[in-house]
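Next come the chains, spelled out residue by residue.
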Amino acid sequence: MRFSFVFMVLGIVLSVGILSAGLNLFAGYERTLKAVLLDSFAHISISETDSYLSRHKADQLIPKLEAMPEVQSVSPTETFSAMVNKDGEVHGALIRGYDFKRPFPYRKYIRKGEPSLDSGSVYIGHYMASELGLEVGDSLKVVYPQLNRVSALGIFPGEYFFRVAGIYRSGYYEYDRSAVIMTLEDAINVIMVPGYISNIELKLKPESVGAAGKLAKELEATYPELVAQAWTQNNDSLFRLIAMEKWLIFIIFSFLVLIAGLNVVSAVVTIMYDKKNEIAVLKTLGAGLNSIRGLIFYRIALVGIAAIILGQIFGWILSLLIINQSWYSLKGDVYFIDQLTIYVSPFNQVAIFVVSACLILICVRLPLRRINRMEIIELIRNP
Amino acid sequence: MTILEARHLAKSYQDSDRRIEVLKDANLLVNKGDLICITGKSGCGKSTLLHMLGLLDNPDQGKVLIEGKEVSSSSKEAPQIRNRDLGFVFQFHYLVEDLTAVENVALPLLIAGHSKSTSLAKAAELLSGFGLEERLNHYSNQLSGGEQQRVSLARALINKPKVVLADEPTGNLDPEKSAEIWETILRLNRELEQAFVVITHDREQARLASITYELEHGVLSPVNP
């Protein structure tokens, strides 16, 4: 009996542990990705419908936007794609120009170098720095093809040299691999559209982040000539996909608990046959079937519940071991972020406990129905 | 006063292609204070008869009456009657291994719905009367065969049943322990007028009974009417 009981408990602990660890890691991923996306990008981006936004118009608009109670910061920006070159090695880049006379909304991601930018200096993404072998103080060439510089040999690109003033690391892989951040004026010089910017970035207060979509619609209604794009529009399908995957993992891993439940069925049957003499005695002494079933059910169910709680603790330890190991990290180009994190969500833990407890209790209950068919007389005749 | 009555009990089993008649028209009356012994060869159906008297098995024909009321093993009230009116002692004592001696004896009281403290107190008192006051908290595997059977006897008596049904209670004991148990049965029968139906192979023991029956070829007949 003890042997089958040990395997029953082990099966529950392992299956609940794997289910719990899987959800802890997935919840951690979802939470981190959301935080990184919310922190690394504008919550609302405002641009002209079909052209650049004039500085004059932006200067008129910015104070109105800053006055909105939901808005934390407003940044006029210039965003475009270009190429960077270091010792002949070419790398695609996303150039983002910010007005450094205003508070820079991504300052916390500057991991190395100077706290602010001057003309002629740039922050570059952490992965770009390591791929091109760049350090703070090195020189970087930005190459941008310009249509007004056409020769008989084709488009003659503009080349601009910048000093690397700092390394940027947000955790969002694609951005850390391609971002080149410079001053707004330098970006305008590179793209050669003086007097214009590409968009205005709004960062919302934490309590208003969820209402970004609604706010963007209100802005479009107030300024019909402008397009306001909320972060949810770009990432909504991604988060829905992640949520769906999380519940898919929950369902798949719940099958592990069901398989552990089969161990429980086998353990209960073994216990019933092991204790058939005692069952016969109880029946002979006048105990009702329900009370005999209840007695066995209560004892095994208690062990099962304790095993589920142990499994949840094991799952937490397992997820801690996984995030602290060094031999595997997420592929940033696939998962957007490259760090494994965990989040022990109370809701997930309650869901794991309830689903596991239901499965295990059903698996304890089912074989106990056979007690009805155990005839006292047979049990007494065959001790 | 008739406590237990068996009327025209018949039971048969199918053994491959032939039918074995274990009991044919068996009749038995158990009155208060009776000590009835049933003897017979091994496999003659003594235990089957006792199981039917104890509402553990149903007869093919005939009926069992407890204080004049017909009851069957499959009836709703059978478990309650087994708990309240009948006591059982088996050859293989059937103590619950996970329980101590006192807990085993308290079981019928607990099943009847008495509180744990009351049940344990009554069980301890009864076991002390059986000379087992030093063994109250011992598990069955820590008791000798004779002690186990005395615990089993105490368990059968704890609810003050109308009749105790004992299936070869000394069959598994050495002569000395067997005599001890038999002495206890005689004393309880004499002092408390406790009715017993005892199955035994021991003709010496059977001679001390108030009535002895012999079961042979399915027929139950009194030896000393």
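Here the structure is a predicted model, which is why all the values come from computation and not from measurement.

A. Spatial organisation of the confidence of the model for chain B. Here chain B averages 88 in pLDDT, and 99% of its residues register 70 or above. Interface confidence for the predicted complex, expressed as ipTM, amounts to 0.85; the pTM equals 0.72.

B. Up close: the nonpolar core. One finds Ile12, Ile44, Val122, Ile124 and Val180 of chain A to be the most contacted residues of the largest nonpolar core, which totals 83 residues. At 15 residues, the largest contribution of residues to this core is made by helix H1 (residues 2–40) of chain A. Of the residues that make up this core, three or more belong to each of domain 1 (2–36 + 237–381) and domain 2 (53–197) of chain A. Membership of the second largest hydrophobic core comes to 72 residues, among which are Ile66, Leu95, Leu109 and Leu153 of chain B.

C. The interface of chain B and chain A, seen in detail. At the interface, 15 residues of chain B touch 13 residues of chain A. For the side of chain B that touches chain A, the element with the most residues is helix H2 (residues 78–84) of chain B, which contributes four residues. In terms of residue class, the side of chain B that touches chain A is made up of 10 nonpolar, three polar and two charged.

D. Summary view of helix H6 (residues 212–222) of chain A. Residues and elements named next belong to chain A. Among all positions of H6, only Ala212, Leu215, Ala216 and Leu219 are buried. Relative to the axis of H6, the buried residues are bounded by an arc of 100 degrees and lie together on one face. In H6, the exposed residues that point more than 90 degrees away from the buried face are Lys217 and Ala221. For H6, the elements touching its buried residues are strand E1 (44–48), strand E13 (199–204), strand E14 (226–230) and helix H7 (231–274).

E. How the structure looks around the packing of helix H9 (residues 289–324) of chain A against helix H11 (residues 346–368) of chain A. Residue and element names in this part refer to chain A. Where H9 meets H11, the axes come as close as 9 Å, and the angle between the chain directions of the two elements is 150 degrees. Relative to H11, the element H9 is oriented roughly antiparallel. H9 and H11 meet at a crossing whose hand is right-handed. From H9, Arg293, Ile296, Phe297, Ile300, Ala301, Gly304, Ile305, Ile308 and Gln312 reach across to H11, where they touch Gln349, Ile352, Phe353, Ser356, Ala357, Ile360, Leu361, Val364, Arg365 and Leu368. Residues belonging to the contact of H9 with H11 are distributed by class as follows: 13 nonpolar, four polar and two charged.

F. How the structure looks around helix H3 (residues 101–111) of chain B. Residue and element names in this part refer to chain B. When you tally the buried positions in H3, you get nine out of 11 residues, the bulk of the element. Taken together, the buried positions of H3 are occupied by Ala101, Val102, Asn104, Val105, Ala106, Leu107, Pro108, Leu109 and Ile111. Buried residues along H3 sit against H2, helix H4 (116–129) and helix H5 (145–157). Glycine 113 occupies a position one or two residues after H3 and carries a positive phi of about 100 degrees.

G. The environment of glutamate 5 of chain B, seen in detail. Residue and element names in this part refer to chain B. Mapped onto the fold, glutamate 5 is located in strand E1 (residues 2–15). For the pair formed by glutamate 5 and serine 178, sequence separation is 173 residues and the distance between their alpha carbons is 28 Å. Sequence-distant contacts of glutamate 5, defined by excluding residues within four places in its chain, comprise Leu29 and Leu65.

H. Structural view of the domain arrangement of chain B. All names here are of chain B. Domain annotation of chain B identifies domain 1 (1–85 + 161–225) and domain 2 (95–160). The gap between the C-alpha centroids of domain 1 and domain 2 is 23 Å. Taken together, the contact between domain 1 and domain 2 spans 11 residues of the former and 13 residues of the latter. Looking at the side of domain 1 that touches domain 2, the elements with two or more residues in it are H2 and helix H6 (175–192). With four residues, the top contributor of residues to the side of domain 1 that touches domain 2 is H6.

I. Structural context of the environment of serine 144 of chain B. Residue and element names in this part refer to chain B. Looking at the element boundaries, serine 144 is found in the loop between H4 and H5. Given 12 C-beta atoms within a 10 Å radius, serine 144 is considered exposed. Sequence spacing of serine 144 and valine 105 is 39 residues, and the spatial spacing of their C-alpha atoms is 16 Å.

J. Structural detail: the sheet that holds strand E3 (residues 35–40) of chain B. Residue and element names in this part refer to chain B. Overall, mixed pairing links the six strands, which are arranged E6-E7-E8-E3-E9-E10 in an open sheet. Both outer strands of the open sheet, strand E6 (86–89) and strand E10 (219–222), are each paired with one neighbouring strand and no more. Across this sheet, the average inter-strand angle for adjacent strands is 20 degrees, counted without regard to direction. The pairing of strand E7 (residues 163–167) with strand E8 (residues 195–199) spans five bridges and is parallel. Residue pairing across strands places valine 163 opposite alanine 195, the latter belonging to E8. Where H5 meets the sheet, it contacts E6 and E7, and its direction lies at approximately 170 degrees from that of E6.

K. View of the sheet that holds strand E5 (residues 69–71) of chain B. Residue and element names in this part refer to chain B. Taken in spatial order, the four strands line up as E2-E1-E4-E5 in an open sheet, and their pairing is antiparallel. Among the strands making up the open sheet, the edge pair consists of strand E2 (18–31) and E5. Between one strand axis and the next, the sheet turns through 30 degrees on average, direction left out of account. Sheet analysis places strand E4 (residues 61–66) next to E5, joined by three bridges and oriented antiparallel. Bridge pairing in E5 links valine 64 to valine 71. Its contacts with the sheet place helix H1 (residues 46–53) against E1, E2 and E4, and it is angled at close to 130 degrees to E1.

L. The packing of H3 of chain B against H4 of chain B, seen in detail. All names here are of chain B. Axis separation between H3 and H4 bottoms out at 8 Å; the angle between their running directions is 125 degrees. With respect to H4, the element H3 is oriented oblique. By crossing handedness, the relation of H3 to H4 is classed as right-handed. Across the interface between the two elements, Ala101, Val102, Val105, Ala106, Leu109 and Leu110 of H3 pack against Lys116, Ser119, Leu120, Lys122, Ala123, Ala124, Leu126 and Leu127 of H4. Residues that form the contact of H3 with H4 fall into these classes: 11 nonpolar, one polar and two charged.

Reading the values: rules and limits
Residues numbered from 1 in each chain as written. Chains lettered and ligands numbered in written order. Predicted model: local features only at pLDDT ≥ 70, side-chain atom pairs only at ≥ 80, totals over all residues. pLDDT = per-residue confidence, 0-100. Core = buried A, V, L, I, M, F, W, Y, C linked by C-beta atoms within 7 Å. Buried ≥ 20, exposed ≤ 12 C-beta atoms within 10 Å, placed from the backbone. Helix = DSSP H or I, 4+ residues; strand = E, 2+ residues; numbered from the N terminus. Domains from an automatic or database assignment. Contact = placed C-beta atoms within 7 Å. Nonpolar A, V, L, I, M, F, W, Y, C, P; charged D, E, K, R; others polar. Arc of directions from axis to C-beta. Axes fitted to C-alpha atoms, helices over the stretch in contact; angles between N-to-C directions. Parallel < 35°, antiparallel > 145°, perpendicular 65-115°, else oblique. Left-handed = near helix turned anticlockwise from the far one by under 90°. Pairing = 2+ DSSP bridges.

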